[in-house]
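Given next are the chains, with one letter for each unit.
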Amino acid sequence: MQQLIEILRNLTVLYAEDDDAIRANTTKTLQMLFGRVLVAKDGMEALAYYVEEKIHIALLDYVMPCVDGYEVAREIRAHDHHVPIIICSGYTDQEKLLGAIRLGVIEYIEKPMAYEALIGALTGAVQKLRNQQLLHVKFDSHLAYDVANQCVLGGANKIDLTCQEAQVLGVLVRHQNHLITKEQLQEALHDSNLSDNALRNIVYRLRKKLKTECIVTVKDMGYFMASKRERHGY
Amino acid sequence: MDIDHTLFEGVRILYAEDDPVTRENITKTLRLFCSHVFSVEDGQAAVEVFEKEEPHIVILDYVMPRMNGLNAAKAMRALAPEIPIFMTSSYTDKEKLIGVMHLGLVDYLEKPLELFSLVKTLAKCLERLHEGLRLRVIFPSGVVYDGLRKEIGIKGVYATLTKKETQLLDFLLANHQRVVTQGEIEQKLYEGNVEANTVRNLVYRLRQKCGQEAIETAKGRGYSICAMPC
């Protein structure tokens, strides 16, 4: 359980739900669990997120206006056979359930969604990601961050990181091509007194260990992970 | 409907169904295009045959005595997370359908089975096997391996692999998404009784046939395969 929480903190979830109250509620829960939550209020928004962002897990309401959860799941499956999809719905008719099975949905949760059911589904999702070796987030042509083991895989080699290095890298990798401020990194390291120098040192060691130039310094602002987006690779 | 018989050449199908009439009919149908069909009458027998014969595709009836299709599928998933499984049943109630969701079935077919949906689903299974590197694959060197015929070759010239080489190659391909440890290989191929350099020598010989890049060494961790479906 502890480990599940640790892993989810490094992952991005796409969540789509058209009911405002349910969405607000579940979003709060997801934000406590995941490193990043992409919230969509309908299927169109969800698809837009899917095109733009690298997601690890999708949690979709079935019935939504215009583009429903089934259509979103189908579109995701057309590009990616492995990303775990969880459906939640108030409807459990045979047609919907059979459709979900054919799309390889890993769990179909009945609404109202109980917290335990959500955690159970997420546990299954992480297990699946682990089996598929998808708990890796690629950030350079030859480097991937192994979320489960908090290390970096470079080709056949494993590069061990210290706890602080792993946390800094985790944040940068999760928000690739987004500027991360020093304050955000301090927060991630749970150390608001961390000096600029100490932070600089951590980044310096990371660059040296990883032999990569993709961690970019923005003077007086922070850092970001510059990476070409590879949509369907991992 | 035309069925390309060569598609299923070498494919092993495991089929479990407790009703003797249905079992016989469907088995006959399956044998029309697949010569290796194992038919069993309950889930427990299915799991036993599964372990012994390592089939490529599994078809399970949901409701069966001794062990039902759900529990049989669970047991198989634990051994082979990626194998294509589909279920057949007269029951499509909410509990059953939600309960099988996590198994990642290829499909859930309502009985009585229609030939068209059966064949379509088998074709989907083949697609999954193809993508999962269990059929024909090509290595970076251009060498092609046929996982069903156990043949290896380049530009139509075929070579032979020894039994152990084939076993290792199949094992690496079945676990292509991850690094396979030396210990796992020793257990799988030799039941643990092996001298220190055996696996390394086997890998060396296999690399000579498949090309150096086909098998990557993950230093201190094990080996992983590098191949594409073709």
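Chains are numbered independently. Their residues run from 1 in the order of the written sequence. Chain A is the first chain written and ligand 1 is the first ligand written, with later ones labelled in order. Local features are withheld for residues below a pLDDT of 70 in this predicted model, meaning they are given only at 70 or higher, and side-chain atom pairs are given and counted only at 80 or more; totals for whole chains, interfaces and linings count all residues. Heavy atoms throughout the structure, all of them, feed into the side-chain values; hydrogens and water do not.

Trainee: I'm lost on the overall build of chain B in this one. Help?
Mentor: Of the regular secondary structure elements, chain B holds eight helices and 12 strands. Expected size for 230 residues packed as a compact globule is a radius of gyration near 17 Å; at 19 Å, chain B falls within 12% of this value. Oriented by its inertia axes, the alpha-carbon framework of chain B measures out at about 50 × 35 × 25 Å. For chain B, contacts bridging at least 24 residues in sequence account for 57% of all contacts bridging at least 6. Working definition: helices are DSSP H or I runs of at least four residues, strands are E runs of at least two. Numbering for both runs from the N terminus. For the radius of gyration, the atoms used are the C-alpha atoms, and the globule rule reads 2.2 Å times the number of residues raised to 0.38. By definition in these notes, contact holds between two residues if any of their heavy atoms fall within 4.5 Å.

Trainee: When you look at the domain arrangement of chain B in this model, what are you seeing that I'm missing?
Mentor: Frequently, the measure chosen for interface size is the accessible area that the parts lose on association. All names here are of chain B. Looking at the assigned domains, one finds that chain B contains domain 1 (5-131) and domain 2 (136-229). Marked domain ranges trace back to an automatic or database domain assignment. Averaged C-alpha coordinates put domain 1 and domain 2 at centres separated by 28 Å. Facing the nine residues of domain 1 at the interface are six residues of domain 2. Surface buried jointly by domain 1 and domain 2 totals about 600 Å² across both partners, of which 46% is contributed by carbon and sulfur atoms. Interface area lost by domain 1 to domain 2 is led by Glu 9, Glu 82 and His 130, which between them contribute 53%. Buried area: the sum, over both parts, of the accessible surface (1.4 Å probe) that disappears when the two are put together.

Trainee: Please explain the interface of chain A and chain B as it appears in this structure.
Mentor: At the junction of the two partners, chain A supplies 20 residues and chain B supplies 22 residues. Summed over both sides, the interface between chain A and chain B buries roughly 1900 Å², with carbon and sulfur atoms accounting for 55% of that surface. We call two N or O atoms a polar contact when they sit within 3.5 Å, provided that within protein one can donate a hydrogen and the other can accept it, with sequence-adjacent residues counted only if both atoms are side-chain atoms. Taken together, the connections running from chain A to chain B amount to six residue pairs in polar contact (both at pLDDT 80 or more). The set of elements that each furnish at least two residues to the side of chain A that touches chain B consists of helix H5 (94-102), strand S5 (107-110) and strand S9 (157-160) of chain A.

Trainee: Which parts of the structure should I look at to understand the sheet that holds strand S8 (residues 151-154) of chain A?
Mentor: Strand pairing in a sheet is mediated by backbone hydrogen bonds. Such pairs are either parallel or antiparallel. Residue and element names in this part refer to chain A. Two strands qualify as a pair provided DSSP detects at least 2 bridges between them. Strand order in this open sheet of four strands is S6-S7-S8-S9, and the pairing throughout is antiparallel. Unpaired on one side and paired on the other, strand S6 (136-140) and S9 mark the two borders of the sheet. Between one strand axis and the next, the sheet turns by 30 degrees as a mean value, whatever way the strands run. Two elements, S6 and strand S7 (residues 143-146), share four bridges in a ladder whose sense is antiparallel. Looking across to S7, one finds that Lys 138 is bridged to Ala 144. Whenever a helix is involved, its axis is fitted only over the stretch in contact; in every case the axis is a line through C-alpha atoms, and angles between N-to-C directions fall within 0 to 180 degrees. Each of S6, S7 and S8 touches helix H7 (residues 163-174); the most contacted strand, S7, lies at about 115 degrees to it. Set on the sheet, helix H9 (residues 196-210) makes contact with S6, S7, S8 and S9; between it and S9 the angle comes to about 165 degrees.

Trainee: How should I be thinking about unusual backbone geometry in this particular structure?
Mentor: In this structure, the amide linkage connecting A:Lys111 to the following residue, A:Pro112, adopts the cis form with an omega of -5 degrees. Within the secondary structure layout, A:Pro112 lies in the loop between S5 and helix H6 (115-131). In the segment running from B:Lys111 into B:Pro112, the intervening peptide bond is cis, with an omega of 0 degrees. Checked against the element boundaries, B:Pro112 lands in the loop between strand S5 (108-110) and helix H5 (115-131). Not every positive phi belongs to a glycine, and A:Asn177 is a case in point at roughly 70 degrees. Tracing the backbone shows A:Asn177 in the loop between H7 and strand S10 (180-181).

Trainee: Sorry, what's going on with the packing of aromatic side chains here?
Mentor: The geometry of two aromatic rings is summed up by the distance between their centres and the angle between their planes. Here is the rule: rings of Phe, Tyr and Trp (six-membered ring for Trp) pair when centre to centre is within 6.5 Å. Planes less than 30 degrees apart are stacked, more than 60 are edge-to-face, and the remainder are tilted. For the structure on display, the rule yields three aromatic pairs over all chains. Summarising the aromatic geometry, the rings of B:Phe8 and B:Phe33 are spaced 5.2 Å apart at their centres and angled 55 degrees between planes, so their arrangement reads as tilted. Highlighted residues: B:Phe8 in the segment before strand S1 (12-16) and B:Phe33 in helix H1 (residues 20-33), separated in sequence by 25 residues. Note on classification: 1.4 Å probe, protein chains only; a residue is buried when its accessible area is under 20% of the maximum for its type, exposed when over 50%, partly exposed between these limits. A relative accessible area of 4% places B:Phe33 in the buried class. By the ring-pair criterion, three or more aromatic residues cluster together here, those being A:Tyr62, A:Tyr70 and A:Tyr108.

Trainee: Even after reading the chapter, I still don't get the sheet that holds strand S1 (residues 12-16) of chain A, so can you show me in this structure?
Mentor: Residues and elements named next belong to chain A. Pairing within the open sheet is parallel, and its five strands lie in the order S2-S1-S3-S4-S5. Looking along the sheet, the strands with just one partner apiece sit at the ends: strand S2 (36-40) and S5. Neighbour-to-neighbour, the strand axes of the sheet open up by a mean angle of 15 degrees, direction not taken into account. Relative to strand S3 (residues 57-61), S1 runs parallel, the two sharing four bridges. Looking across to S3, one finds that Tyr 15 is bridged to Leu 59. Lying over the sheet, helix H3 (residues 43-52) contacts S1 and S2, oriented at roughly 140 degrees with respect to S2.

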